[in-house]
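# Architecture at a glance
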Amino acid sequence: MARYCPLFSGSSGNCTYIGTASGGLLVDAGVSAKRIETALREREIEPDRIQAVLVTHEHSDHIAGLRVLLRRYHWPVITSFGTYDALLQNGTLTEQDTVTAVPPGTITVADMEVRAFHTPHDAAESMGFCVHTPDDRRVAIATDMGVMTDEVREAVRGCDLLHIESNHVVQMLSLHVDDRSLRQLFSFGLYGSVAVEE
């Protein structure tokens, strides 16, 4: 039976576990390695069951614990070409890490089919992932969504579970952010995050 565990979600860090009887995947590693390991073990998931990490994009709330986890467990990483380049440039990944950079499309990871699709966000090449498990469940994760594009709609059509993450509430933004250019960056743009009220 498929198992879906959102370990962390939001601007302070993102990490989700999707697994089956034979192992699992992490989507992002946006908090410390220690916190991710603790969250997994609290759910009776040993880190050695992880068979790959799917990385949506290179922002710190999606990769904060990745470097340490890769040193400890040597998990393979699956991400877009743009994110791979960004992670090499910022030192999160090295040439020695096992990385599969993928275009949009479907690949097999462990006993699951993973469909990668572009998501609109201000990152090098942000991706979402739809995971199809052996028990015929489909779970999609799309983070930091600016708008719902046709590509995203098509990728998530028919999913049993859809995890969409967005990062702000318009009223909070207008009350607590004084800088107008910063407010514009976060409001309603194609590459920003959808307001929670939408």
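As shown above, the structure is provided for reference.
Let me sum up the structure you'll find in this document. (Residues numbered from 1 in each chain as written. Predicted model: local features only at pLDDT ≥ 70, side-chain atom pairs only at ≥ 80, totals over all residues. Heavy atoms only, no water.)

### Digging into the overall build of the protein chain
For the protein chain, the count of helices and strands is seven helices and eleven strands. Sorting the 198 residues of the protein chain into buried and exposed places 48% on the buried side. Taking all contacts inside the protein chain whose residues are at least 6 apart in sequence as the whole, residues at least 24 apart take part in 56%. For the protein chain, the accessible surface area stands at approximately 9,500 Å², while carbon and sulfur atoms represent 51% of it. (Helix = DSSP H or I, 4+ residues; strand = E, 2+ residues; numbered from the N terminus. Buried < 20%, exposed > 50% of the residue type's maximum accessible area, 1.4 Å probe, protein only. Contact = heavy atoms within 4.5 Å. Areas by Shrake-Rupley, 256 points an atom, 1.4 Å probe, with all protein chains shown as cover.)

### Some remarks on the pattern of salt bridges
Scanning the entire structure with this criterion turns up seven salt bridges. In this structure, the salt-bridge partner of arginine 67 is aspartate 97, at a minimum N-O distance of 2.8 Å. Of this pair, arginine 67 sits in helix α3 (residues 66–73) while aspartate 97 sits in the loop between α4 (81–89) and β6 (99–101); the two residues are 30 residues apart in sequence, bridging distant segments of the chain. Among the residues examined, arginine 67 registers a relative accessible area of 17% and is labelled buried. (Salt bridge = Lys/Arg side-chain N within 4 Å of Asp/Glu carboxyl O.)

### Looking at the side chain of threonine 133
As for its position among the elements, threonine 133 is in the loop between β9 (127–132) and β10 (138–143). In this structure threonine 133 comes out as buried when scored by relative accessible area, which is 4%. Once you skip the residues sitting within four places of it in the chain, threonine 133 turns out to touch Ala2, Ile18, Thr20 and Met112.

### A word on empty space enclosed by the protein
One water molecule sets the probe size; rolling that probe over the atoms shows where empty space is left. Scanning all chains against the criterion turns up one cavity of 30 Å³ or more. The space that makes up the largest cavity amounts to roughly 50 Å³. Taken together, Phe8, Ser9, Asn14, Cys15, Thr16, Val27, Asp28, Ile141, Thr143 and His163 make up the full set of residues lining the largest cavity. Here the lining of the largest cavity is built from residues that sort into four nonpolar, five polar and one charged. (1 Å grid on protein atoms, 1.4 Å probe; cavity = no way out; pocket = protein on both sides within 12 Å on 5 of 7 lines; lining within 4 Å. Points joined across faces, edges and corners; volume = space filled by probe spheres on them. Nonpolar A, V, L, I, M, F, W, Y, C, P; charged D, E, K, R; others polar.)

### Remarks on the sheet that holds strand β7 (residues 105–109)
Overall, mixed pairing links the five strands, which are arranged β7-β8-β9-β10-β11 in an open sheet. Strands with a single pairing partner mark the edges of an open sheet, and in this sheet they are β7 and β11 (161–165). When strand polarity is set aside, the average angle formed by the axes of neighbouring strands in this sheet is 20°. With four bridges connecting them, β9 and β10 associate as antiparallel partners. Residue phenylalanine 129 lies in a different strand from β10, and its bridge partner there is isoleucine 141. (Pairing = 2+ DSSP bridges. Axes fitted to C-alpha atoms, helices over the stretch in contact; angles between N-to-C directions.)

### What about the sheet that holds β6?
Pairing is mixed in the open sheet, where six strands are placed in the order β1-β2-β3-β4-β5-β6. For this open sheet the edge positions go to β1 (3–8) and β6, each flanked by a neighbour on one side alone. Going from strand to strand, the sheet's axes swing by 20° on average, the running direction of each strand aside. The sheet contact formed by strand β2 (residues 15–20) and strand β3 (residues 23–27) spans five bridges and is antiparallel. Paired with tyrosine 17 across the strands is leucine 26, a residue of β3. Helix α1 (residues 33–42) rests against β1, β2, β3 and β4 (50–54) of the sheet, and its axis sits at about 145° to β1.

### Points about the nonpolar core
Core analysis: the biggest nonpolar cluster contains 25 residues, and Leu7, Tyr17, Leu26, Ile36, Leu40 and Leu66 have the highest contact counts within it. Elements with a minimum of two residues in this core: β1, β2, α1, β4, α3 and α4. The biggest single contributor to this core is α1, with four residues. For leucine 40, the contacting residues outside a window of four places in its chain are Leu7, Tyr17, Leu26, Ile45, Pro47 and Ile50. By size, the runner-up hydrophobic cluster in this structure holds 16 residues, among which are Val102, Val109, Met112 and Phe129. (Core = buried A, V, L, I, M, F, W, Y, C linked by side-chain atoms within 4.5 Å.)

The values are spatial; any link to function lies outside them.
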